[in-house]
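Structural features, examined
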Amino acid sequence: MLELRPITDGIGTEVRGIDVTQDISDKDFDRIYEAWIDTTILLFRDQRMTPAQHVAFTRRFGEVYAYTRSQFNQDDHPEILVLSNIVKDGKPIGSPYSGRVWHSDGAYLERPPVGSMLYAREVPPVGGDTSFSNQFGAYAALPERVKERIADLQVVISRVRSRPYNYPDRPAPTAKERAEWVDVSHPMVKVHEVSGRKALNVGGNVPWEIVGMPQEESTPLITFLQEFAVLPRFTYRHRWRAGDIILWDNRSAMHRASPYDETRTRRLMHRTTISGARVERPAA
Ligand code: OGA
Ligand code: MN
């Protein structure tokens, strides 16, 4: 029997009593979908799925796509992005690390993905946790006068200027990347397309600019909000077990990977990405 339990009182729902590879009735699925929209992340434990089942289950939540056209997409299932430090025949099988600073995926895109489903296949004995932060909760907890102050602000997100913050070890963007990566702007307070709830959209570590505001004013404001956005009461740090699945709503949650001993231990995660989800709420 389907059972939904809060992960913490600030974020997330653990979904129990189902096998995600079996048929899930529309009625049960609607409850699961609602919990995803309302609590920003879902956790399913002790699951076994093939790549095809992973894609099929993700597809119930929305349209699945190959997020990055990378060499780390699975050959037979390009919708699956492999995150791993494992090297096979001298070649890395996956992207060795993913966002180790607080972020939402593709914030620098005109239309960021709406969510992602991460499935743990092999996990290191220590480290490699993933943290999540509820941006509905962060917004709701802001003092009223801060809400008023930020109500109509637009943030400017530059993929080019973000690079040294997000990937300090990578080379500076090339001329071609600079030309392709145009800045985008998004509301600092995002209205969720399904629930209409407001979520804070301030990023995690890059001092995003604010339209029409001088930097000496925008940097302290956004830096304060970034700290606030990840206060412990809005966050949850997940210690993975093999067989765990977490689905996050990229519109209302930020996340962050944590390090592990890549030289002596192995981590293998499969990820699918959702480009668009259904927006109507299920009938009550
Ligand atoms: C991601 C990501 C975190 C992790 O896949 O977008 O940030 O812990 N992953 O692997
Ligand atoms: Mn990420």
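1. A look at the coordination of the manganese ion (ligand 2)
Within the first shell, the manganese ion (ligand 2) binds the protein through His 103 (NE2), Asp 105 (OD) and His 255 (NE2), at distances of 2.1 to 2.2 Å. All donors of the manganese ion (ligand 2) belong to a single chain; written as a sequence motif, their spacing is H-x1-D-x149-H. Across the pair, exposure class does not vary: His 103 and Asp 105 are buried alike.

2. What to know about the sheet that holds strand β14 (residues 209–210)
Two pairing modes exist for strands in a sheet, parallel and antiparallel, and in both the strands are linked by backbone hydrogen bonds. Spatially, β11-β10-β14 is the arrangement adopted by the 3 strands of the open sheet, whose pairing is antiparallel. The open sheet terminates on both sides in strands that have one partner only, identified here as β11 (184–187) and β14. Sheet analysis places strand β10 (residues 154–157) next to β11, joined by 4 bridges and oriented antiparallel. Bridging from a neighbouring strand, Val 155 pairs with His 186 of β11.

3. Regarding unusual backbone geometry
Phi is positive for Thr 40, which is not a glycine, with a value near 75 degrees. Counting through the fold element by element, Thr 40 comes out in the loop between α1 (26–39) and β3 (41–44). With relative accessibility at 0%, the residue Thr 40 sits in the buried group. Look at Asp 46: it is not a glycine, yet its phi comes out positive at around 55 degrees.

4. Description of helix α5 (residues 159–166)
Quick reminder: α-helices carry 3.6 residues per turn. Residues three or four places apart thus point the same way. Buried residues of α5: Val 160, Ser 162 and Arg 163, and no others. Along the axis of α5, the buried positions cluster into a sector of 155 degrees, meaning they face one direction only. The inward-facing, buried residues of α5 contact α6 (175–180).

5. Remarks on the site of ligand 1
In the region of ligand 1, the neighbouring residues are Leu 83, Ser 98, Gly 99, His 103, Asp 105, Thr 130, Trp 248, His 255, Ala 257, Arg 267 and Arg 271. In the environment of ligand 1, an oxygen atom lies 3.1 Å from a nitrogen or oxygen atom belonging to the side chain of Asp 105. Thr 130 is positioned with one of its side-chain polar atoms (N or O) 2.6 Å from an oxygen atom of ligand 1. Coverage of ligand 1 by the protein amounts to 98% of the 290 Å² it exposes when considered alone. Across the shell around ligand 1, the residue classes tally to 3 nonpolar, 5 polar and 3 charged.

6. Re the domain arrangement of the protein
Considered domain by domain, the protein is made up of domain 1 (3–133 + 233–274) and domain 2 (139–229). Each of domain 1 and domain 2 was reduced to a C-alpha centroid, and the two centroids are 24 Å apart. Across the boundary between the two partners, domain 1 contributes 20 residues, which contact 22 residues of domain 2. Between domain 1 and domain 2, roughly 1800 Å² of surface is buried when both sides are summed, and carbon and sulfur atoms account for 55% of that area. When the area that domain 1 buries against domain 2 is broken down by residue, the three leading residues are Tyr 97, Tyr 108 and Arg 251, summing to 34%. The interface formed by domain 1 and domain 2 contains 1 salt bridge. Taken together, the connections running from domain 1 to domain 2 amount to 6 residue pairs in polar contact (both at pLDDT 80 or more). Per-element tally for the side of domain 1 that touches domain 2: the top contributor is α1, with 3 residues.

7. A few points about the sheet that holds strand β17 (residues 253–257)
Read from one edge of the open sheet, 3 strands run β15-β9-β17, paired in antiparallel fashion. Edge positions in the sheet fall to β15 (235–238) and β17, since each has one partner strand and no second. Going across the sheet, the axis of each strand differs from the next one's by a mean of 20 degrees, ignoring polarity. One ladder, built from 5 bridges, connects strand β9 (residues 130–134) with β17; its direction is antiparallel. Paired with Thr 130 across the strands is Ala 257, a residue of β17.

8. Notes on the environment of Val 126
Mapped onto the elements of the fold, Val 126 is located in the loop between β8 (115–122) and β9. Taking the C-alpha atoms as reference points, Val 126 and Thr 265, separated by 139 residues in sequence, lie 8.7 Å from one another. Apart from residues lying up to four places away in sequence, Val 126 is in contact with Arg 239 and Tyr 260.

9. Details of the packing of aromatic side chains
Scanning the model with the defined rule gives 10 aromatic pairs in all. When the centroid spacing of 5.8 Å and the interplanar angle of 45 degrees are considered together, the rings of Phe 132 and Trp 248 count as tilted. Of the two residues, Phe 132 sits in strand β9 while Trp 248 sits in strand β16 (residues 245–249), which places them 116 residues apart along the sequence. Taking the relative accessible area as the measure of exposure, Phe 132 reaches 0% and is therefore buried. A centroid spacing of 6.0 Å and a plane angle of 40 degrees characterise the contact between Phe 224 and Phe 228, whose relative ring orientation is tilted. Of this pair, Phe 224 and Phe 228 are both found in helix α7 (residues 215–229), 4 residues apart, which corresponds to roughly one turn of the helix. Of the residues examined, Phe 224 reaches a relative accessible area of 39% and is grouped as partly exposed.

What counts as what
Residues numbered from 1 in each chain as written. Chains lettered and ligands numbered in written order. Predicted model: local features only at pLDDT ≥ 70, side-chain atom pairs only at ≥ 80, totals over all residues. Heavy atoms only, no water. Donors = N, O, S within 2.8 Å, 3.2 Å for Na, K, Ca; no water. Buried < 20%, exposed > 50% of the residue type's maximum accessible area, 1.4 Å probe, protein only. Pairing = 2+ DSSP bridges. Helix = DSSP H or I, 4+ residues; strand = E, 2+ residues; numbered from the N terminus. Arc of directions from axis to C-beta. Contact = heavy atoms within 4.5 Å. Near = heavy atom within 4 Å. Polar contact = N/O pair within 3.5 Å; in protein donor to acceptor, adjacent residues only side chain to side chain. Areas by Shrake-Rupley, 256 points an atom, 1.4 Å probe, with all protein chains shown as cover. Nonpolar A, V, L, I, M, F, W, Y, C, P; charged D, E, K, R; others polar. Domains from an automatic or database assignment. Buried area = accessible area lost by both parts, 1.4 Å probe. Salt bridge = Lys/Arg side-chain N within 4 Å of Asp/Glu carboxyl O. Axes fitted to C-alpha atoms, helices over the stretch in contact; angles between N-to-C directions. Phe/Tyr/Trp six-rings, centres within 6.5 Å; stacked < 30°, edge-to-face > 60°.

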